[in-house]
Amino acid sequence: MEPLTPDISEQKGPMDPFRSDSPLAPPPIRRLKLDDPEAAKEATEPLTPAAGSGPQQSGFVTAKRSVGAPQFSIRRMEIDGVSVHYGAKEAVKGVSLPVRQGEVLSLIGPSGCGKTTLLRSLNRLTELTSTATLTGRILLDDVDITEIEPTLLRRRVTMVFQQPNPFPMSVFDNIAYVLREQGSRRARKKSLEPKVHSALDRAGLFEEVKDNLDHPALKLSGGQQQRLCIARALAAEPEVLLLDEPCSALDPKSTQVIEDLIVKLRDDVAVVIVTHNLQQAYRIADHVAFMYLGDLVEYNSATALFGSPREQRTQEYVSGAFG
Ligand SMILES: Nc1ncnc2c1ncn2[C@@H]1O[C@H](COP(=O)(O)OP(=O)(O)OP(=O)(O)O)[C@@H](O)[C@H]1O
Ligand SMILES: [Mg+2]
């Protein structure tokens, strides 16, 4: 375990070695377990609810699904009986969940139910909160994440926060910074251009900024800043992408761009997204985990959880009885 330090993960600059984008972080390792029989079995699990059920039945207002059934599913992370306390207060209570590449997992639940805490546990950011203690195990490709050097872990498991946090430098340099630390520190601007453009394009930002990539990132709109942060996260080529309410500050058009991106990403990156927008979870998630007061109340395919929830509390939440 690392020594506990104040919670500074969202405030510090790019030289912070705790950040996944720090130059002190070693390069990422991509390890795909393609021969996992359990994953292969799970990939064949039906994802649709029983005939006769549907979102209307649960009281959930129908949205159009943007995703088809996953083409494959590989278990990348395993959350195994994880509890997180802040001092004496238990914020996450014995949660177990799989995180799979090939799928989008959405965490939903009312404010304060532990979604962000659980998300931050996946790349050991909770350790940076001095009062936080975690019990249980979290595995990445069967390795306990406490055995993975934090900077390497945070490069492989990258988080985009609710509040955009671009570096105080140009749009171009926000992306180039990550590329330089992964490759040649002295790489010339010209040689980085294709990758910078591609990262911005994937996040749906390129067309808006291409004429002035030297523009200060902090002068972009909130929605543009968030897409820049997503572009920067993708430039690091993470294996797991954690998104904490990434669209809460975005207009509908930017939200649509991000949702389309997430759906495209799921084959290359395991995506976990926290959202308060149930329509969004229904549109883009393959599996949904509903949390309430720190408990994982229900984990199911998106169509089943919204269409025919097993638990009364899920039913009430998705039908808008409480929020
Ligand atoms: N740094 C902290 N110190 C002490 N308590 C905390 C800390 N961060 C979160 N908590 C508490 O832990 C509980 C879970 O918080 P968390 O931020 O994980 O919830 P959330 O589901 O993400 O909520 P929201 O939807 O409002 O973002 C809450 O009761 C919150 O007050
Ligand atoms: Mg939160």
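Given the structure is predicted, the values throughout are model-derived calculations rather than measurements.

Caption draft 1: Structural view of the overall build of the chain. When its secondary structure is counted, the chain shows twelve helices and ten strands. For the chain, the residues scored as buried account for 55% of the 323 residues in total. Within the chain, residue pairs in contact and separated by at least 24 positions form 72% of the contacts whose partners lie at least 6 positions apart.

Caption draft 2: Inspection of the environment of Ile230 at higher detail. Relative to the helices and strands, Ile230 is located in helix H8 (residues 222-235). Spatially, the C-alpha atoms of Ile230 and Leu241 are 9.4 Å apart, while their sequence positions differ by eleven residues. Setting aside anything within four residues of it in sequence, one finds Ile230 in contact with Val160, Ala203, Ile258 and Leu261.

Caption draft 3: Looking closely at the environment of Leu243. By secondary structure assignment, the location of Leu243 is in strand E7 (residues 240-244). Separated by 84 residues in sequence, Leu243 and Met159 place their C-alpha atoms 5.9 Å apart. With sequence-adjacent residues up to four places away left out, Leu243 is seen in contact with Leu119, Val160, Ile262, Val271, Val272, Ile273 and Val274.

Caption draft 4: How the structure looks around the site of ligand 1. Contacts to ligand 1 come from 14 residues, most closely from Ser111, Gly112, Lys115, Thr117 and His276. Within the backbone of Gly114, a nitrogen or oxygen atom sits 3.0 Å from an oxygen atom of ligand 1. Measuring from an oxygen atom of ligand 1, one finds a side-chain N or O atom of Thr116 at 2.8 Å. Starting from 630 Å² of accessible surface for ligand 1 in isolation, the protein chains cover 66%. Secondary-structure elements contributing two or more residues to the shell around ligand 1 are strand E2 (89-101) and helix H3 (115-121). Residues belonging to the shell around ligand 1 are distributed by class as follows: four nonpolar, seven polar and three charged.

Caption draft 5: Broad picture of the pattern of salt bridges. Inspection of the entire model under this criterion finds 15 salt bridges. Here Glu259 makes a salt bridge to Arg283, at a shortest N to O gap of 2.7 Å. Within this pair, whereas Glu259 is found in helix H9 (residues 252-265), its partner Arg283 is found in helix H10 (residues 278-284), the two being separated by 24 residues in sequence. According to the relative accessible area criterion, Glu259 is buried, its value standing at 2%. One continuous salt-bridge network, built from bridges that share partners, spans Arg76, Asp141, Arg156 and Glu239.

Calculation criteria
Along each chain, residue indices are assigned from 1 in the same order as the chain's sequence is written. All chains are assigned letters beginning at A, and all ligands numbers beginning at 1, according to the order in which they are written. The predicted origin of the model limits local features to residues at a pLDDT of at least 70 and limits the giving and counting of side-chain atom pairs to 80 or more, whereas totals for whole chains, interfaces and linings rest on all residues. Here the side-chain values reflect all heavy atoms present in the structure, with hydrogen atoms and water set aside. Per the convention used, a helix needs a DSSP run of H or I reaching at least four residues, while a strand needs a run of E reaching at least two, with both numbered from the N terminus. To sort residues, take the accessible area from a 1.4 Å probe on protein chains only and compare it with the maximum for the residue type: under 20% means buried, over 50% means exposed, and anything in between is partly exposed. Working rule for contacts: check all heavy atoms of both residues, and any pair within 4.5 Å makes them a contact. By convention in this text, a residue qualifies as near a molecule or strand provided that one of its non-hydrogen atoms is within 4 Å of it. Whenever two N or O atoms come within 3.5 Å, that pair is a polar contact, provided that in protein one can donate a hydrogen and the other can accept it, and provided that, for residues adjacent in sequence, both atoms are side-chain atoms. Residue-level accessible areas treat just the shown protein chains as cover; the underlying method is Shrake-Rupley with a 1.4 Å probe. Each residue is assigned to one class: nonpolar for Ala, Val, Leu, Ile, Met, Phe, Trp, Tyr, Cys and Pro, charged for Asp, Glu, Lys and Arg, and polar for all the others, Gly among them. By definition here, a salt bridge exists when the distance from a side-chain nitrogen of Lys or Arg to a carboxyl oxygen of Asp or Glu is within 4 Å.

These figures capture arrangement, not role.
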